[in-house]
Amino acid sequence: MTLETGSENTAHGGVQGVYKHASAATGTDMTFSVFVPDHAPGVKLPVLWYLSGLTCTPANVTEKGEFRAACAEHGIIFVAPDTSPRGDDVPDDDSWDFGKAAGFYVNAVQPAWSQHYHMRDYVEKELPELVASAFPAEMDRQGITGHSMGGHGALTVSLRNPGRFRSTSAFSPIVSPLNCPWGEKAMTGYLGPDRTAWREYDACALIEDGARLPDLLVDQGTADGFLEGQLKTHLLQEACDAAGQKATIRMQEGYDHSYYFISSFLAEHVGWHAQRLKGG
């Protein structure tokens, strides 16, 4: 698989890169960013995946996330995929919460979207294989996190793939697409009206159906305007409590949904992941 370098910059002693490749999963070119900290030749490093939210590209967290110092300190590769396929031939929607930049990390089956919108296959299969082959990544030590729609992605990807990720966290995740307008719109559009098919893309439903994580960290701002109508963090707390799923769900007073919030706690999340990614 040919990897095209868009840019590489030295940062905190490591290399922050932006790369592009032709994706078989989406049938389009896909862009992603990778930070590789300084390391000894031949050494492989654990990987932390970051899935972005609605309207975002990899540039949002790459430019605003403030993660590199912590990744350099702990020796962790940080990978940020895009949120949807891109290109003139890719179908889109006039609304901001569906279509391009709103792939919801699903494999679409509805005819209008099924040709390109295979973000589940992209983040679960294709991109990890590329990262393993092109970077000094130790794929036995992976963690995953994300924000909003990407928080939904991080939770569901990890819950569906037991044993792959040693650590899972999220910022302001959409915890139950079955129970919020964003989720109902996206799941209906990409998957169709059969709500039973949505359960594999709903963190609360996956936990109710028996999926488990070794541990979970979630940060949610109390001043987030989407908290009550879309994110509904209490549903995740209730699902974890009912299932005995270990989870630390922190309501952060005064924080909103923006990267001011994410950047305030992302380095702490990197450290939390680092503790769980240590060792062989």
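Numbers given to residues run from 1 along each chain, matching the order in which its sequence is written. In keeping with the model being predicted, local features are shown solely for residues with a pLDDT of at least 70 and side-chain atom pairs are shown and tallied solely at 80 or more, while totals for entire chains, interfaces and linings include all residues. Side-chain metrics rest on all non-hydrogen atoms present in the structure, leaving aside hydrogens and water.

**Focus: the sheet that holds strand 1 (residues 4–11)**
Two modes of strand pairing occur in sheets, parallel and antiparallel, and in both the strands are linked by backbone hydrogen bonds.
Now for step 1: When DSSP finds at least two bridges between two strands, those strands are taken to pair. Each helix corresponds to a stretch of at least 4 residues labelled H or I by DSSP, and each strand to a stretch of at least 2 residues labelled E; elements are numbered beginning at the N terminus. One open sheet holds the 9 strands; their spatial order is 1-2-3-5-4-6-7-8-9, and the pairing between them is mixed. Unpaired on one side and paired on the other, strand 1 and strand 9 (248–252) mark the two borders of the sheet. Each strand axis lies, on average, 20° off the axis of its neighbour in the sheet, ignoring direction.
Now for step 2: Two elements, strand 3 (residues 29–36) and strand 5 (residues 77–80), share 3 bridges in a ladder whose sense is antiparallel. Directly across from Val34, in strand 5, lies its bridge partner Val79. To obtain an axis, a line is fitted to C-alpha atoms, over the contacting stretch when the element is a helix, and the angle between two such axes runs from 0 to 180 degrees between their N-to-C directions.

**So, unusual backbone geometry**
Now for step 1: For His12, which is not glycine, the phi torsion reads 50° and is therefore positive.
Now for step 2: Relative to the elements of secondary structure, His12 occurs in the loop between strand 1 and strand 2 (14–22).
Now for step 3: With phi around 50°, Lys232 is a residue other than glycine that occupies positive phi space.
Now for step 4: Mapped onto the elements, Lys232 comes out in the loop between helix 7 (227–231) and helix 8 (233–243).

**Quick look at the packing of aromatic side chains**
Now for step 1: Any pair of Phe, Tyr and Trp rings, taking the six-membered ring for Trp, is counted once the centres come within 6.5 Å. Such a pair is stacked with planes under 30 degrees apart, edge-to-face with planes over 60 apart, and tilted for the rest. Within this structure, the stated rule accounts for 16 aromatic pairs.
Now for step 2: Arranged with centres 5.9 Å apart and planes meeting at 40°, the rings of Tyr19 and Phe32 form a pair that is tilted. Separated by 13 residues along the polypeptide, Tyr19 in strand 2 and Phe32 in strand 3 bring together distant segments of the chain. Across the pair, Phe32 and Tyr19 agree in class, each one buried.
Now for step 3: Whether a charge sits over a ring depends on NZ of Lys or CZ of Arg being within 6 Å of the ring centre and within 35 degrees of the ring normal. For the cation-ring pair, Arg68 lies above Phe67, with the distance from its terminal atom to the ring centre recorded as 4.8 Å. For the exposure calls, accessible area comes from a 1.4 Å probe over protein chains only, and a residue counts as buried if that area is under 20% of its type's maximum, exposed if over 50%, partly exposed in between.

**A closer look at the environment of Trp113**
Now for step 1: Within the secondary structure layout, Trp113 lies in the loop between strand 5 and helix 3 (119–134).
Now for step 2: In what follows, residue pairs with any heavy atoms lying within 4.5 Å of each other are defined as contacts. The residues touching Trp113, leaving out its near neighbours within four places in the chain, are Pro91, Asp92, Asp93, Phe98, Gly99, Ala108, Gly189 and Tyr190.

**Digging into the environment of Gly163**
Now for step 1: Secondary-structure assignment places Gly163 in the loop between helix 4 (149–160) and strand 7 (167–171).
Now for step 2: Take Gly163: its relative accessible area is 77%, and that puts it in the exposed class.
Now for step 3: When the C-alpha positions of Gly163 and Arg212 are compared, they lie 9.7 Å apart, and in sequence the two are 49 residues distant.

**Structural notes on the pattern of salt bridges**
Now for step 1: We define a salt bridge as a contact between a side-chain nitrogen of Lys or Arg and a carboxyl oxygen of Asp or Glu at a distance within 4 Å. Applying the stated criterion across every chain yields a total of 13 salt bridges.
Now for step 2: Linking Arg250 and Asp219 is a salt bridge whose minimum nitrogen-to-oxygen distance equals 2.7 Å. With a gap of 31 residues between them, Arg250 in strand 9 and Asp219 in strand 8 (residues 217–221) connect regions that are remote in the sequence.
Now for step 3: The class of Asp219 is buried, set by a relative accessible area of 0%.
Now for step 4: Where Glu268 meets Arg250, a salt bridge forms, and the shortest distance between an N and an O atom there is 2.8 Å. Taken together, the positions of Glu268 in helix 9 (residues 259–277) and Arg250 in strand 9 put the pair 18 residues apart, joining distant regions of the chain.
Now for step 5: Overall, the relative accessible area of 40% leaves Glu268 in the partly exposed class.

**Some remarks on the nonpolar core**
Now for step 1: Throughout, nonpolar core names a set of buried Ala, Val, Leu, Ile, Met, Phe, Trp, Tyr and Cys residues whose side chains join them through atoms within 4.5 Å. Core analysis: the largest hydrophobic core is formed by 47 residues, its most contacted members being Phe32, Val79, Phe104 and Tyr190.
Now for step 2: Contributions of two or more residues to this core are made by strand 3, strand 4 (45–51), strand 5, helix 3, strand 6 (137–146), helix 4 and helix 5 (181–191).
Now for step 3: At 6 residues, helix 3 tops the list of elements feeding residues into this core.
Now for step 4: Every residue in contact with Phe104, bar those within four places of it in the chain, is listed here: Leu54, Thr83, Asp97, Met149, His152, Ile174, Trp182, Ala186, Met187 and Tyr190.
Now for step 5: Counting 21 residues, the second largest nonpolar core, distinct from the first, contains Leu48, Ile76, Phe265 and Leu266.

**Quick notes on the pairing of strand 6**
Now for step 1: Of all 10 residues making up strand 6, 7 are buried, and the element is well covered by its neighbours.
Now for step 2: Relative to strand 6, strand 4 runs parallel, the two sharing 6 bridges. The residue of strand 6 that forms the bridge with Val47 is Gln142.
Now for step 3: Where strand 6 and strand 7 come together, 2 bridges link them in parallel fashion. Directly across from Ile144, in strand 7, lies its bridge partner Thr168.
Now for step 4: What joins strand 6 to strand 7 is helix 4, and the crossover it makes is right-handed. A crossover counts as right-handed when, viewed with the strands pointing away from the observer, the path leading from the first strand over the helix to the second turns clockwise.

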